[in-house]
Amino acid sequence: VQSRNLTLIHKNVLRLLRLINQLMDFRKIEVDKMHIKASDNDIVEFLQDIIESFQSIASKRKIDLRLITNERQLQVWFDVNMLDKVVFNVLSNAFKFTSDNGYIYVYLKLDESQKNALISIEDNGVGMSEEAVTKAFDLFYQGDYKPENGTGLGLALSKQLIELHHGTISLKSEKWKGSTFEISLPIKFAI
């Protein structure tokens, strides 16, 4: 019983820390103090590392989680910490709303101009209504979901972090048919 209580306390402390960090990031962006520290990174390896951190929960819940790409390596300029927050947030949401035995696929490719890396994160979860899709990136918007499932900060922050990269993030979803988030990042950009 004590061990379970300590585990719960630890999880809640980490949840609170993430929330405080998200609020601090928003404040830094508001006062123009959030600066991007981009470097040249292999986005294939970066995505594989993040996906690997979700494999344990995917295995437990029998969710087919995989990276699908023809790229063996793709060098892209991005801030590792910022993009980690974005991809981690989108994948966390996918796991939250995808049932056991479902799938979450992360696609990576170059766009037709060969100037942008496109990351698509697709799931076959519960999906969202049309109204929820239009408000998904609004600050504090939680949709039809229970408040304990989130704060409404993650996607709003994700959008701002991607915009700092001169990129875009968009969402396509249909109720009961899953969701797909698409992130477009320029391979190189002027800082």
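Reference entry: report on the structure contained in this document.

Rules behind the numbers
- Residues numbered from 1 in each chain as written.
- Predicted model: local features only at pLDDT ≥ 70, side-chain atom pairs only at ≥ 80, totals over all residues.
- Heavy atoms only, no water.
- Patch = residues over 30% accessible without salt bridge, like charges linked within 9 Å, V, L, I, M, F, W, Y side chains within 5 Å.
- Areas by Shrake-Rupley, 256 points an atom, 1.4 Å probe, with all protein chains shown as cover.
- Salt bridge = Lys/Arg side-chain N within 4 Å of Asp/Glu carboxyl O.
- Helix = DSSP H or I, 4+ residues; strand = E, 2+ residues; numbered from the N terminus.
- Buried < 20%, exposed > 50% of the residue type's maximum accessible area, 1.4 Å probe, protein only.
- Axes fitted to C-alpha atoms, helices over the stretch in contact; angles between N-to-C directions.
- Left-handed = near helix turned anticlockwise from the far one by under 90°.
- Contact = heavy atoms within 4.5 Å.

## Thoughts on a nonpolar patch on the surface
(1) Moving on: A contiguous nonpolar patch, built from L6, I9 and V13 and spanning about 300 Å² of accessible area, is present on the exposed surface.
(2) Moving on: Relative to the elements of secondary structure, I9 occurs in helix 1 (residues 2-30).

## Things to note about unusual backbone geometry
Phi is mostly negative for residues that are not glycine, and the peptide bonds are mostly trans.
(1) Moving on: The backbone of N101 shows a phi angle near 70 degrees, a positive value even though the residue is not glycine.
(2) Moving on: Structurally, the position occupied by N101 is in the loop between helix 3 (80-97) and strand 4 (103-110).
(3) Moving on: For H166, which is not glycine, the phi dihedral falls at a positive 65 degrees.
(4) Moving on: Positionally, H166 belongs in the loop between helix 5 (154-164) and strand 6 (168-173).
(5) Moving on: Judged by its relative accessible area of 51%, H166 is exposed.

## Let's talk about the pattern of salt bridges
(1) Moving on: Taken as a whole and assessed by the stated rule, the structure comprises five salt bridges.
(2) Moving on: Across the pair D64 and R66 runs a salt bridge whose closest N-O atoms are separated by 2.7 Å.

## Describing the packing of helix 2 (residues 43-60) against helix 3
(1) Moving on: For the pair helix 2 and helix 3, the least separation of the axes is 11 Å and the interaxial angle reads 35 degrees. Of the two elements, helix 2 crosses helix 3, and the hand of that crossing is right-handed. Listed contacts from helix 3 to I43, F46, L47, I50, I51, F54, I57 and A58 of helix 2 are V80, L83, D84, V87, F88, L91, S92 and F95.

These results come straight from atomic positions and should not be treated as a statement about function.
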